[in-house]
Amino acid sequence: MTERFVGWGRTAPSFATRVVPRDMDELVSTVAAATPQRGILVRGLGRSYGDAAQNAGGTILDLTGWTRVIALDTSAATISVESGASIDQIMRLLLPHGLWLPVIPGTRQVTVGGAISADVHGKNHHARGSFGHHVLEIDLLTAQGELLTLRPEGTTAELFWATVGGMGLTGVITRATLSLTHVESSFFAVDTQRVPHIRELVEILSGGDDAYEYSVAWFDTATSGNSLGRAVLTRGRSARVDELPERLRDTALDLADEHQLALPGVLPRGLVNRLSARAFNALWFAKAPTRRDGEIQSVRQFFHPLDAVRDWNHVYGPRGFVQYQFVVPF
């Protein structure tokens, strides 16, 4: 069936045929039948900001139903799952065992296949690298219909690392085995600091991040002069049980189902503009503490604040938005 697709930024819509294979035989036959002109592309939960999971005039392969957990080895701290399993699903399974994914992106609503294909990063990139560094094995269905098992070392290493960050262009990821890490709780001990200028922010980041597992800074792009790039720096680590308030210790490994705010169905055009952005940025900076150390925060508070708002991307209006990601030298 032909459907309209957009990325999370809701720009550049296009039409493609969605196919939902029920098993490996259907998956192989779908890949084999793909037209050479437009080919086939896998789509997960649609959180890519741009058009990475669109395939205008071609076929979209929907594997979001492929969520089976194949094996969980708590002693070896590894998990093997189908590629449609989400980060949220895996986190809920792992936490009761005191296990955790080494790299968590900015939303839980991402599939494992998507996380590998985009080689997503988290707040601990400086300490643990990107998602792909913790993938032990990948099953990949190639365009020729061959199912390969890839590992980061050995004879399959080249294709493995081409697939990690390859945006789905090497084939269809059907299964992955991930390495895990141990935690005592689902909470984080967080230090927050308000920084008046981007120059000072860069100095703090480059001189003190080694002391933290997780580090992220929000900074204001709408300011200039003495407050150019003023920022809120948030750094932390996984909290121990003895650091939690008494009321949280018995449920230290629970992942709470926190309330999700729903936006109105119709939002005014132009809600996000230069003036509203300046006002929001000023409030966000002002509400942050000048300095606060050791605050206990939940997964959503520290990692996924935007997950608290359902369909937050709609706030930008029908024209959507474009996100720029870039690297600059110090």
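Refer to the structure above for everything that follows.
Residues numbered from 1 in each chain as written. Predicted model: local features only at pLDDT ≥ 70, side-chain atom pairs only at ≥ 80, totals over all residues. Heavy atoms only, no water.

Chemist: Can you help me understand the pairing of strand S5 (residues 69-73) in this one?
Modeler: Successive side chains on a regular strand alternate, one facing one side of the sheet and the next facing the other. Across four bridges, S5 lies against strand S6 (residues 78-82) in antiparallel orientation. Across the sheet, residue Ala71 finds its bridge partner in S6, namely Ser80. (Pairing = 2+ DSSP bridges. Helix = DSSP H or I, 4+ residues; strand = E, 2+ residues; numbered from the N terminus.)

Chemist: Can you help me understand the layout of surface pockets in this one?
Modeler: Where empty space is left in the structure can be found by rolling a water-sized probe over the atoms. The space that makes up the second largest pocket amounts to roughly 260 Å³. Ile40, Ala143, Gly168, Leu169 and Gly171 are, among the 15 residues lining the second largest pocket, the residues nearest its centre. Considering each element in turn, the lining of the second largest pocket owes the most residues, three residues, to strand S3 (residues 40-43). Partitioning the lining of the second largest pocket into residue classes produces 10 nonpolar, five polar and no charged. (1 Å grid on protein atoms, 1.4 Å probe; cavity = no way out; pocket = protein on both sides within 12 Å on 5 of 7 lines; lining within 4 Å. Points joined across faces, edges and corners; volume = space filled by probe spheres on them. Nonpolar A, V, L, I, M, F, W, Y, C, P; charged D, E, K, R; others polar.)

Chemist: Looking at this model, I keep getting lost on helix H2 (residues 87-94). Mind explaining?
Modeler: Think of an α-helix as 3.6 residues a turn; residues three or four steps apart then line up on the same face. Those residues of H2 that sit buried are Ile87, Asp88, Ile90, Met91 and Leu94. All buried residues of H2 fall inside an arc of 165 degrees around its axis, so they share one side. Among the structural elements, S5, S6, strand S7 (99-100), helix H3 (112-117) and helix H9 (299-302) are those in contact with the buried residues of H2. (Buried < 20%, exposed > 50% of the residue type's maximum accessible area, 1.4 Å probe, protein only. Arc of directions from axis to C-beta. Contact = heavy atoms within 4.5 Å.)

Chemist: Would you mind going over helix H8 (residues 274-287) with me for this structure?
Modeler: Over its 14 residues, H8 runs 20 Å from end to end, which matches the ideal 20 Å to within 8%, given 1.5 Å per residue. By the N-cap criterion, in which a side-chain oxygen at the helix start approaches the backbone nitrogen of a residue two or three places on, H8 is capped by Asn273, the distance to Leu275 being 3.0 Å. (Expected span 1.5 Å × (residues − 1). Polar contact = N/O pair within 3.5 Å; in protein donor to acceptor, adjacent residues only side chain to side chain.)

Chemist: How should the sheet that holds strand S12 (residues 188-195) be read in this particular structure?
Modeler: Strand pairs in the sheet, formed through backbone hydrogen bonds, run parallel or antiparallel to each other. Ordered in space as S13-S14-S12-S16, the four strands form an open sheet in which the pairing is antiparallel. Edge positions in the sheet fall to strand S13 (214-219) and strand S16 (291-297), since each has one partner strand and no second. Taken pair by pair, the neighbouring strands of this sheet meet at an average axis angle of 20 degrees, ignoring direction. In this structure, S13 lies alongside strand S14 (residues 231-238), joined through six bridges in antiparallel fashion. Looking across to S14, one finds that Trp218 is bridged to Val232. Sitting on the sheet, helix H6 (residues 198-208) touches S12, S13 and S14, and the angle it makes with S14 is about 15 degrees. (Axes fitted to C-alpha atoms, helices over the stretch in contact; angles between N-to-C directions.)

Chemist: When you look at the nonpolar core in this model, what are you seeing that I'm missing?
Modeler: Among soluble globular proteins, nonpolar side chains are generally buried collectively. In terms of nonpolar packing, the biggest core is built from 38 residues, with Trp100, Ile116, Phe131 and Ile138 touching the most fellow members. Elements with a minimum of two residues in this core: S6, H2, S7, H3, strand S8 (135-141), strand S10 (172-179), S12 and H9. Ranked by the residues each element gives to this core, the list is headed by H2, at four residues. Excluding anything up to four places from it in sequence, Ile116 contacts Phe131, Val135, Ile138, Thr163, Val164, Gly165, Ile173 and Ala176. (Core = buried A, V, L, I, M, F, W, Y, C linked by side-chain atoms within 4.5 Å.)

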